[in-house]
Amino acid sequence: NATTELRTRYAGRIRPEHGLTPTQWETFVRGAHRIARSVRDETGLRTVFHPHCAGYVEAPAEVDTLMAHTDPNLIGLCFDTGHYRFGGGEPIEAFTRHADRIWHVHFKDCHPDVAARSRKEGWDYFESVGNGVFCELGKGDVDFPAFLAELRKRDYDGWIVVEQDVLPGMGSPYESAERNLQYLNSIL
């Protein structure tokens with residue numbers, strides 16, 4: 001649909017006019033609550049929402065809107081450091097603001113030069129990923145040591161998943177995973 005294409009085209013540089021209308025937000029939140037209740041009632045599991053570039057919740061203001069309009073006992077946040085950074089936000093600042101709602105974390109890095117080039121040249125989401133906007137941990141500008149310190153300070157005891165978005169045929173995933181592990185070991 002046209003909105004999905006627009007969000008994919010402008011990923012990493014979403015402006016307010018690309019966002020959901022108040023009526024669309026109401027529908028979105030109502031649907032998220034319905035799904036979260038169903039999951040809780042049928043499985044006992046909590047639901048987290050994953051803001052994602054090229055999705056309907058990407059920019060910091062959109063994440064804030066989602067958190068402000070959803071039930072904090074029903075919907076948490078899957079906080080992805082790389083997507084939040086590419087979407088225009090500062091991960092540590094957002095974590096401190098939404099810490100009580102962050103029930104799952106994705107460690108992903110964002111290369112600032114690739115992100116800047118993407119914005120300058122108007123790349124869509126897939127061009128940005130294909131050019132390495134989500135780089136190996138420690139090669140971008142997400143401050144993982146400081147982020148880990150915040151997690152520890154708040155006694156975070158949930159999952160942390162390491163992710164690196166790539167397209168088929170990009171790089172060497174096994175070697176990249178090894179380097180990501182080495183980086184994590186160096187900051188623990």
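About the cut-offs
- Residues numbered from 1 in each chain as written.
- Predicted model: local features only at pLDDT ≥ 70, side-chain atom pairs only at ≥ 80, totals over all residues.
- Heavy atoms only, no water.
- Helix = DSSP H or I, 4+ residues; strand = E, 2+ residues; numbered from the N terminus.
- Contact = heavy atoms within 4.5 Å.
- Lys, Arg positive; Asp, Glu negative; His and termini not counted.
- Charge placed at Lys NZ, Arg CZ, Asp CG, Glu CD.
- Buried < 20%, exposed > 50% of the residue type's maximum accessible area, 1.4 Å probe, protein only.
- Arc of directions from axis to C-beta.
- Polar contact = N/O pair within 3.5 Å; in protein donor to acceptor, adjacent residues only side chain to side chain.
- UniProt positions renumbered as here; feature names shortened; annotations may be inferred.
- Pairing = 2+ DSSP bridges.
- Axes fitted to C-alpha atoms, helices over the stretch in contact; angles between N-to-C directions.
- Parallel < 35°, antiparallel > 145°, perpendicular 65-115°, else oblique.
- Nonpolar A, V, L, I, M, F, W, Y, C, P; charged D, E, K, R; others polar.
- Salt bridge = Lys/Arg side-chain N within 4 Å of Asp/Glu carboxyl O.

As recorded in an unreviewed UniProt entry, the protein goes by the name Inosose dehydratase, listed as coming from Geodia barretti.

A. Up close: the overall build of the protein. For the protein, the helix and strand inventory stands at nine helices and four strands. Helices and strands appear in the protein in the N-to-C order α-α-β-α-β-α-α-β-α-α-α-β-α. When the backbone C-alpha atoms are referred to their principal axes, the protein occupies close to 40 × 40 × 30 Å. Within the protein, contacts between residues at least 6 apart in sequence are counted, and of these 81% link residues at least 24 apart. Side chains of the protein carry 21 positive and 28 negative charges; the gap between the two charge centres is 3 Å.

B. Fine view of helix 8 (residues 144-153). Every buried residue of helix 8 is listed here: Phe144, Phe147, Leu148, Glu150 and Leu151. The buried residues of helix 8 occupy one face: seen down the axis, they fall within an arc of 155°. The outward face of helix 8, more than 90 degrees from its buried face, is lined by the exposed residues Arg152 and Lys153. Elements that come into contact with the buried residues of helix 8 comprise strand 2 (75-80), helix 4 (81-86), helix 5 (91-98), strand 3 (102-107), strand 4 (159-162) and helix 9 (173-187). The N-cap residue of helix 8 is Asp143: its side-chain oxygen and the backbone nitrogen of Ala146 are 3.1 Å apart. Downstream of helix 8 by one or two residues, Asp155 has phi in the positive range, about 55°.

C. Here's a closer look at the UniProt feature "domain: Xylose isomerase-like TIM barrel" (unreviewed entry) in the protein. The UniProt entry lists residues 17-184 under the feature "domain: Xylose isomerase-like TIM barrel" (unreviewed entry), expressed in the numbering used here. As annotated, residues 17-184 has a helix share of 50% and a strand share of 11%, and its two end C-alpha atoms lie 38 Å apart.

D. Quick peek at the sheet that holds strand 2. Sheet architecture is open: four strands sit in the order 1-2-3-4, paired in parallel fashion. Two strands lie at the open edges of the sheet, namely strand 1 (47-49) and strand 4, each paired on one side alone. Shown here is a sheet whose adjacent strand axes are inclined to one another by a mean of 30°, direction ignored. Bridge count between strand 1 and strand 2: three bridges; the pairing is parallel. Bridge pairing links Phe49 to Leu77 in strand 2. On top of the sheet, helix 8 reaches strand 2, strand 3 and strand 4; it is set at about 160° to strand 3, its chief contact.

E. Examining unusual backbone geometry more closely. Although it is not a glycine, Ala54 adopts a positive phi angle of roughly 75°. With respect to the helices and strands, Ala54 occurs in the loop between strand 1 and helix 3 (60-69). In the Ramachandran plot, Asp155 falls in the positive-phi region, its phi being about 55° despite a non-glycine side chain. Within the secondary structure, Asp155 sits in the loop between helix 8 and strand 4.

F. Region of the structure containing the environment of Arg154. Its location among the elements puts Arg154 in the loop between helix 8 and strand 4. We classify Arg154 as partly exposed; its relative accessible area is 36%. Between the alpha carbons of Arg154 and Ala99 there is a distance of 7.8 Å; along the sequence they are 55 residues apart. If sequence neighbours within four positions are ignored, Arg154 has contacts with Phe95, Thr96 and Ala99.

G. Structural detail: the packing of helix 5 against helix 8. For the pair helix 5 and helix 8, interaxial distance at closest approach is 10 Å and the crossing angle is 10°. In terms of orientation, helix 5 and helix 8 fall into the roughly parallel class. Across from Pro91, Ile92, Phe95 and Thr96 in helix 5, the residues of helix 8 making contact are Ala146, Phe147, Glu150 and Leu151. Along the lines of polarity and charge, the residues of the contact of helix 5 with helix 8 split into six nonpolar, one polar and one charged.

H. Structural context of the pattern of salt bridges. A full pass over the atoms with the stated rule returns 14 salt bridges. Put simply, Lys108 and Asp165 hold a salt bridge, and the shortest N to O gap is 3.1 Å. On the criterion of sequence distance, the pair formed by Lys108 in the loop between strand 3 and helix 6 (112-121) and Asp165 in the loop between strand 4 and helix 9 is long-range, its members being 57 residues apart. A relative accessible area of 1% means that Lys108 is categorised as buried. Here the salt bridges share partners, and the residues they tie into one network are Asp80, Lys108, Glu163 and Asp165.

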